[in-house]
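What follows is the residue order along each chain.
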Amino acid sequence: MNGMKLMRALLATATLAAATTVAISEPYDDGQSKTYYESFKGKKVAFVPLSMGFDLTEGWNAGLQNQAKALGYTVEVRDPNWNVEAAVQAANGFVSEKPDVLVLHPLDQQAYNRIVPKAMAEGINVVQINLKSVTNGDAYVGADWYDLGVKQAELIVKACGKDSGKNGKVAIVTGQAATPTIVIGNQAFDDVFAQHPEIQIVAKQSADFDPAKAQAITSTILKQNPDLCGILGVWDGQDGGTAAAIREANMQDTVYFVSSGGGSKAAACDNIANDLFDAYVSYDVPGQARDLNAAVKILLQTKPKPGSAPFALYTPLKILTKENMTPSSCWTLEEQKAFGG
Amino acid sequence: MVKGLHQERIVLLIAAVLFVVFSVTLPGFIAPANLLSLVQNVSILGILGVGMALAIIGRGIDLSILSTMPVSVAWMLNLINGGMPIWAGLLCALAFVILVGVINGVLIAYVEVPAIFATLAMGIVVYGFGRSFMAPIEAVYIVNDGSWFWRIGSGQVLGVPTPVVVFAAVALAAWLFLRYLKPGRFIYGMGDNPLAARVTGIPVRPMIVLQYILISIIALIAGIVMTTMLQSINTRLALSTMVYDVILVVVLGGIGLSGGKGGIRNVIVGTLLIGILLNGMTIMNLTYTVQSILKSVILLAAIVVDTLLNPRDEQTAQHGDI
């Protein structure tokens, strides 16, 4: 009998405890938070980067995954590994699976021109990250490449132009010629230098985004122009090679080198600390990841008819130099994986 | 017919003509500092060319070197950045490239897969395996800059940039190997006529394995020079077209793809022509596209002249000639 009583008591206690837990686990609703959380449950986000495995896409993806885990939706990634055809295929595959939001990182301006409208016609909201097709999706998150080019060129003008007392001799080590970032960036360089005739472009060479080529080109340019005042780089992944050539020629002190990129510690801040990059325009990947997550959250909550309310979140650019750099100016993937988004 | 004007001499001649023209027309070209940087800029290509020459002389080819090089070095950097001593990381990378060489060699010698397919597939395997397990982030940077080891590719010896010194050392070692060592002579024999080589008692199969191990080790050396020069390595190199540049340097220099012919001198001649071209065109500030056109036209011209002066002999042409 006693055993029976004990059992009942235990059962009652357990039921009570369970009831209380349910009561406690019902979250507080401030009038908006409940619908906020519910709008994400079970949703599907798809992401086609131009390739995984490098600082930008790994950083964004870390942020995307962190937020998805916290809010109970999924982000599926298909890695086309720098191949445009594979990327188009991956995006097409996603369109037929009808995710709620499709995040695209286009390798060139034309490749997704048909996929973006197709996805939107299927009712999928499209976000483009850091590179933009000619066709607009629902949102663009990323750098304004023209603004980035202007900022870089103005830094060079400040270091080598009229008021600097220098000779104005500048070299440009640019990247793969047809990519939108390079086309737009070069336009910006030209526009700024048109207003500063004292800047003399002694060499303009493409290194094809390959640091080894950048090293070879820069070493030749430096031998030809021992009095060179400045060099414009276009992307830290390539500019490491340019920096290596400057260091080898022992010209860190005389050549003013401006680079740009996503601001990862190894590619950016380490080079600034070593005096190899004199100025660096960062589009701050953790910030972009946060913006990207914001765009996804807005679209999942408001569910606009695709294309009906396009918006852009242009990345605020940070200009880093040795003087203004702090330990938090750059980021590492470990940090981003732990706290990003 | 001009006697003795075979491809190596034609390319040397073109290189000499370009050299003279550039020296006269381009200010600063002839300066010793520029000439050193000219050679330095192609030294990695040259080191890889020496490896490729070892393969082609033995009637093989190694398309996997451009995967082996960045993946092994990226892995080594990851290990060292993770706290491993440099020598241990280096040993791991060495073990890895030897393993790749052994697999290449066994596939070619014992499984009898044609070298071009075996190494093509192996290149993809190495890159894929590397990206998945050894270097998930494609650009790996040198973090701890303290040791002399990290200056292998960026220092100078008596005013000569170290990449040039390493290129010279690798070329010299390969030349001595091919000329004075038994396995080196065997490689010529195997390249000239593998069946005859076998009948004469040359251990053809183990020799092929050795050959591909050596090539992989040379790829590792090139990778170490490259990464210490640039302070980073990018495994995406495996997806680039650089492997064709390497084959080009070798074939342009006059090493026939049918094997058994040529030597290290040919690699040096081919490398120098490319170096002179690239350097001159950079000084002229030509655009990337124009550079590509000029480069390919001159290379095509060299091959056409060779074909005209040395027409194919149907009687001695070998099966497998490309």
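Draft legend 1. Representation of the overall build of chain A in the model. Within chain A, the secondary structure is distributed over 12 helices and 12 strands. In summary, chain A has a C-alpha radius of gyration of 25 Å against a globular reference of 20 Å for 341 residues, an excess of more than 25%. Dimensions of chain A, computed from C-alpha atoms along their principal axes, come out at roughly 100 × 45 × 35 Å. Here chain A holds 341 residues, and the buried ones make up 50% of them. Taking the contacts inside chain A whose residues are at least 6 apart along the sequence as the reference set, 75% of them involve residues at least 24 apart.

Draft legend 2. Highlighting the sheet that holds strand β3 (residues 101-104) of chain A. All names here are of chain A. Pairing is parallel in the open sheet, where six strands are placed in the order β2-β1-β3-β4-β5-β11. The sheet is open, and its two edges are formed by β2 (74-77) and β11 (311-314), each paired on a single side. Strand-to-strand twist in this sheet, taken as the mean axis angle between neighbours without regard to direction, amounts to 15°. Pairing geometry for β3 and strand β4 (residues 125-129), over four bridges, is parallel. Each residue of the ladder has a partner; that of V101, found in β4, is N125. Most of the contacts of helix α3 (residues 55-71) go to β2, to which it runs at about 150°, and overall it touches β1 (44-48), β2 and β4. Against the sheet, helix α11 (residues 285-302) makes contact with β1, β3, β4, β5 (139-142) and β11, and its axis sits at roughly 165° relative to β5, the strand it touches most.

Draft legend 3. Representation of helix α4 (residues 84-97) of chain A within the structure. All names here are of chain A. Along its 14 residues, α4 runs 20 Å from first to last C-alpha, staying within 8% of the 20 Å computed at 1.5 Å per residue. Residues of α4 that are buried: A87, A90, A91, F94 and V95. Down the axis of α4, the sector holding all buried residues measures 140°, keeping them to one side. Exposed side of α4, more than 90 degrees from the buried face: E85, G93 and S96 are the residues found there. Backbone geometry just downstream of α4 places K98 in the positive-phi region, at approximately 50°.

Draft legend 4. How the structure looks around the packing of helix α1 (residues 7-25) of chain B against helix α12 (residues 264-283) of chain B. Residue and element names in this part refer to chain B. Where α1 contacts α12, the two axes come as close as 9 Å, and the packing angle between them is 30°. Judged by the angle between their axes, α1 and α12 are roughly parallel. Judged by the twist between their axes, the crossing of α1 over α12 is left-handed. Along its contact with α1, which presents E8, V11, L12, I14, A15, L18, F19 and F22, the element α12 presents N266, V269, G270, L272, L273, I276, L277 and G280. A breakdown of the residues in the contact of α1 with α12 according to their chemical character gives 12 nonpolar, three polar and one charged.

Draft legend 5. Spatial organisation of the interface of chain A and chain B. Each side of the interface is counted separately: chain A has 26 residues, and chain B has 31 residues. Every element with two or more residues in the side of chain A that touches chain B is listed here: β7 (200-206), α8 (211-224) and α9 (236-248) of chain A. For the side of chain A that touches chain B, the element with the highest residue contribution is α8 of chain A, accounting for nine residues. Among the residues forming the side of chain A that touches chain B, the class breakdown is 11 nonpolar, 10 polar and five charged.

Draft legend 6. Representation of unusual backbone geometry in the model. All names here are of chain A. Although it is not a glycine, D208 sits at a positive phi angle of roughly 60°. Relative to the helices and strands, D208 resides in the loop between β7 and α8. Of note in this structure, K303 is not a glycine but carries a positive phi near 40°. The exposure class of K303 is partly exposed, given the 14 C-beta atoms found within 10 Å.

Draft legend 7. Inspection of the nonpolar core at higher detail. V127 of chain A together with I47, V50, A53, A222, V250 and L273 of chain B are the most contacted members of the largest nonpolar core, which has 198 residues in total. Looking at this core element by element, the count peaks at 16 residues for helix α10 (residues 204-230) of chain B. Mapping this core onto the domain boundaries places at least three of its residues in each of domain 1 (35-142 + 285-315) and domain 2 (145-282) of chain A. If sequence neighbours within four positions are ignored, V127 of chain A has contacts with V101, V103, G137, D138, A139, V141, L292, A295 and V296 of chain A.

Draft legend 8. Looking closely at the confidence of the model for chain B. All names here are of chain B. Residues with a pLDDT of 70 or more make up 94% of chain B, whose mean pLDDT is 89. Predicted confidence in chain B is weakest over helix α13 (residues 288-309), with a mean pLDDT of 81, and strongest over helix α5 (residues 86-109), with 96. Confidence estimates for the predicted assembly give a pTM of 0.87 and an ipTM of 0.86.

Draft legend 9. A look at the domain arrangement of chain A. All names here are of chain A. Once the domains are mapped, chain A shows domain 1 (35-142 + 285-315) and domain 2 (145-282). Contact residues are listed per partner, giving seven residues for domain 1 and seven residues for domain 2. The biggest single contributor to the side of domain 1 that touches domain 2 is α3, with three residues. Broken down by class, the residue content of the side of domain 1 that touches domain 2 amounts to three nonpolar, two polar and two charged.

Criteria and thresholds
Residues numbered from 1 in each chain as written. Chains lettered and ligands numbered in written order. Predicted model: local features only at pLDDT ≥ 70, side-chain atom pairs only at ≥ 80, totals over all residues. Helix = DSSP H or I, 4+ residues; strand = E, 2+ residues; numbered from the N terminus. Rg over C-alpha atoms; globule rule 2.2 N^0.38 Å. Buried ≥ 20, exposed ≤ 12 C-beta atoms within 10 Å, placed from the backbone. Contact = placed C-beta atoms within 7 Å. Pairing = 2+ DSSP bridges. Axes fitted to C-alpha atoms, helices over the stretch in contact; angles between N-to-C directions. Expected span 1.5 Å × (residues − 1). Arc of directions from axis to C-beta. Parallel < 35°, antiparallel > 145°, perpendicular 65-115°, else oblique. Left-handed = near helix turned anticlockwise from the far one by under 90°. Nonpolar A, V, L, I, M, F, W, Y, C, P; charged D, E, K, R; others polar. Core = buried A, V, L, I, M, F, W, Y, C linked by C-beta atoms within 7 Å. Domains from an automatic or database assignment. pLDDT = per-residue confidence, 0-100.

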